[in-house]
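# Coordinates in review
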Amino acid sequence: MKIIYKKLVVLTEKVEDLEIKESTKPDKNPFEMAKMQFDIVAEKMGLDENISKYLKRIERSLIVSIPIIMDNGDLEVFEGYRVHHSTVRGPGKGGLRYSEGVFLDEVKALAMWMTWKNSLLNLPLGGAKGGVCVDPSKLSKKELERLTRRFTAEIINVIGPDIDIPAPDINTNPQIMAWIMDVYSMQKGKSVPGVVTGKPIEIGGSVGRETATGRGLYFILQAICEKLDLDLKSLKIVIQGFGNVGGNIAKILYEEGVKVIAVSDISGGLFDEQGLNIKELLEWRDKNGLLKDFYERDYFFVSNKDLLEIKCDVLIPASIENQITESNAYNLDCKVILEGANGPTTPEADEILERREIIVVPDILANAGGVCVSYFEYVQDLQSYFWKLDRINQELRNIMIEAFEEVYKISNEKKVTLRIAAYMIAISRLKKAIELRGIFP
Ligand code: NAD
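Starting afresh in each chain, residues are numbered from 1 along the sequence in its written order. pLDDT decides what is reported in this predicted model: residues at 70 or higher carry local features, side-chain atom pairs at 80 or more are listed and counted, and totals for whole chains, interfaces and linings draw on all residues regardless. Each side-chain value is worked out from all heavy atoms of the structure, with water and hydrogens disregarded.

Basic side-chain nitrogens of Lys or Arg form a salt bridge, by our definition, when they fall within 4 Å of a carboxyl oxygen of Asp or Glu. Taken as a whole and assessed by the stated rule, the structure comprises 34 salt bridges. One salt bridge connects R419 with E339, and the closest N-O pair in it is separated by 2.9 Å. Of this pair, R419 sits in helix 14 (residues 418–437) while E339 sits in the loop between strand 11 (336–338) and helix 10 (347–355), placing them 80 residues apart in sequence. Assigned by exposure class, R419 and E339 land together as buried. We note a salt bridge from R429 to E406, for which the minimum N-O separation is 3.1 Å. Separated by 23 residues along the polypeptide, R429 in helix 14 and E406 in helix 13 (residues 389–414) bring together distant segments of the chain. Note on exposure labels: buried denotes an accessible area under 20% of the residue type's maximum, exposed denotes more than 50%, and partly exposed covers the range between, all computed with a 1.4 Å probe on protein chains only. Overall, the relative accessible area of 19% leaves R429 in the buried class. Taken together, the shared-partner salt bridges in this structure form one network comprising R97, E106, K129, D169 and E321. Secondary structure elements are defined from DSSP: runs of H or I of at least 4 residues count as helices, runs of E of at least 2 residues count as strands, and each element is numbered from the N terminus.

Okay, structure coming up:
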């Protein structure tokens, strides 16, 4: 029997009720969660014990201290990480996150998810990730620059076009990538644009990179709608997270005439059953900041917790890990979850959602547009030959749809969820690479 739990979403009309109280540190250890996801798939695949042992370990974790002289003359020391989960299929590739809640096990999980993602897309790249434990909104621009430059100097031996190529993630952006590229280039005595992706276009960045994760999500949404016979234009969509990923997918949907009925950032969310004016909200965000201060229209304020439970067709978590757990999976009221964030759903929640027949399009497929165009940027930098936007979007679509079709086919053939199918494809490719290379010495 299918049990559907309905819950009335509590809407708060007074902004005073909203505080920025969402914890930045997830309840569940993300690395334990990532290993649990792996174990579930390894068992289903009957994966060789040795391969399993190999892939569950992190190749290299670097922890660094980052001392900075603040504008007031005081010294502050921040902690930073760069983790390579696997370089079996190519140089490490993955974002760099600035957040007060960043910790080593989170970065390890994110690096592991990058390995699966790059393998699923069949990119010649491994999996890596980095983070600095800092709230960048508390730093001046000069302090942020000093922090980024010193962090780059501390990790310089483990990054490089042939080693590991960082990119933007939460609270990092093209300017931060430019500073990383500059420090690396100064040390090498030549300009090395291929050391990072997500750079400004003027110094070797790629057109279409900033919007790529959102664009990729849209391609995957179109594809899943086709399979499920859903009319994209009449969908109601809820998005958690209104930064690069959440903001860009919201913008594309709004421009395509699809109703986005709720969005949120770390301060909480806005909801209107008739659809939000995303263009206006994005302009407002860029000028003013947090959504909790938006009063221009008669929208309802809603907490991040309640936002996830709003009745909609497609829910797009696009903030941080661990948002859909066993404690709210019964309350979700959507048909499809399209994972914009990395690791938003716990394995326990996955099980509940499967029983409830809610389709989850996994992060390693859904949000892979970002790393895909990062790969295009890297290739363009190495060749010193830059593509036009039409080519970027066409090649992005080709790669994303090819991966989607493969995942969908395996999911049907093996009667497993899309996440398990995606992992099976990714892990099989890694297994092959490990067997071909052998174990050194
Ligand atoms: P961002 O910093 O641009 O935006 C993050 C958004 O999430 C902001 O609106 C922020 O206010 C909100 N947020 C942060 N903490 C929150 C919390 N505790 N509860 C609710 N909202 C919160 O970051 P981004 O680049 O958009 O990344 C978002 C997610 O997407 C991350 O999981 C990231 O790893 C993943 N991702 C990013 C890319 C990319 O290209 N940027 C690619 C693939 C996956």
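The subject of this paragraph is helix 14. Helix length check: helix 14 (20 residues) gives 29 Å between terminal C-alpha atoms against 28 Å at 1.5 Å per residue, within 8%. Helix 14 sits mainly inside the fold: 14 of its 20 residues count as buried. Directly after helix 14, the chain includes G438, whose backbone phi takes a positive value near 75°. The length a helix should cover is 1.5 Å for every residue beyond the first.

This brings us to a nonpolar patch on the surface. Candidate patch residues must exceed 30% relative accessible area and have no salt bridge, after which like charges are joined if within 9 Å and Val, Leu, Ile, Met, Phe, Trp or Tyr side chains if within 5 Å. Accessible surface area values rest on a Shrake-Rupley calculation with a 1.4 Å probe, where residue burial reflects the displayed protein chains alone. Together, I69, L75 and V77 make up an exposed nonpolar region whose accessible area comes to about 280 Å². Mapped onto the fold, I69 is located in strand 1 (residues 60–69).

At least two bridges found by DSSP between two strands is the condition for calling them paired. Read from one edge of the open sheet, seven strands run 9-8-7-6-10-11-12, paired in mixed fashion. Every interior strand has two partners, whereas the edge strands, strand 9 (300–302) and strand 12 (359–361), have only one. The mean inter-strand angle of the sheet, taken between neighbouring strand axes irrespective of direction, is 20°. Here strand 8 (residues 268–271) pairs with strand 9 via three bridges, running antiparallel. Paired with G269 across the strands is V302, a residue of strand 9. Only the contacting stretch of a helix is used when fitting its axis, a line to C-alpha atoms as for every element, and angles between N-to-C directions run 0 to 180 degrees.

A common way to state how big an interface is: give the accessible area lost once the parts meet. Here the domain parsing of the chain yields domain 1 (57–196) and domain 2 (212–366). Here the bounds of each domain stem from an automatic or database domain assignment. For domain 1 versus domain 2, the distance between C-alpha centres works out to 27 Å. The contact definition used throughout considers only heavy atoms, calling two residues in contact when any of these lie within 4.5 Å. In this complex, domain 1 contributes eleven residues to the contact, which on the side of domain 2 involves eight residues. Roughly 760 Å² of surface becomes buried between domain 1 and domain 2 when both sides are summed, with 62% attributable to carbon and sulfur atoms. Buried area: the sum, over both parts, of the accessible surface (1.4 Å probe) that disappears when the two are put together. Looking only at domain 1, the three residues that lose the most surface to domain 2 are W113, K117 and L120, adding up to 55% of its buried area. Polar contacts, as counted here, are pairs of nitrogen or oxygen atoms within 3.5 Å of one another; within protein the pair requires one atom able to donate a hydrogen and one able to accept it, and residues that are adjacent in sequence qualify only if both atoms are side-chain atoms. Connecting domain 1 to domain 2 are two residue pairs in polar contact (both at pLDDT 80 or more). For the side of domain 1 that touches domain 2, the leading source of residues is helix 3 (residues 104–120), giving six residues. Residues are grouped as follows: Ala, Val, Leu, Ile, Met, Phe, Trp, Tyr, Cys and Pro are nonpolar; Asp, Glu, Lys and Arg are charged; all remaining types, including Gly, are polar. Split into classes, the residues belonging to the side of domain 1 that touches domain 2 amount to six nonpolar, no polar and five charged.

The next point concerns the site of the ligand. Note on definitions. A residue lies near a molecule or strand when any single heavy atom of the residue is within 4 Å of it. The environment of the ligand is made up of 24 residues, and the closest members are D169, T213, N244, I266 and N342. The separation between an oxygen atom of the ligand and a polar side-chain atom of R97 is 3.0 Å. The protein chains hide 90% of the 830 Å² of surface that the ligand would expose on its own. When we break the shell around the ligand down by domain, the ones giving at least three residues each are domain 1 (57–196) and domain 2 (212–366).

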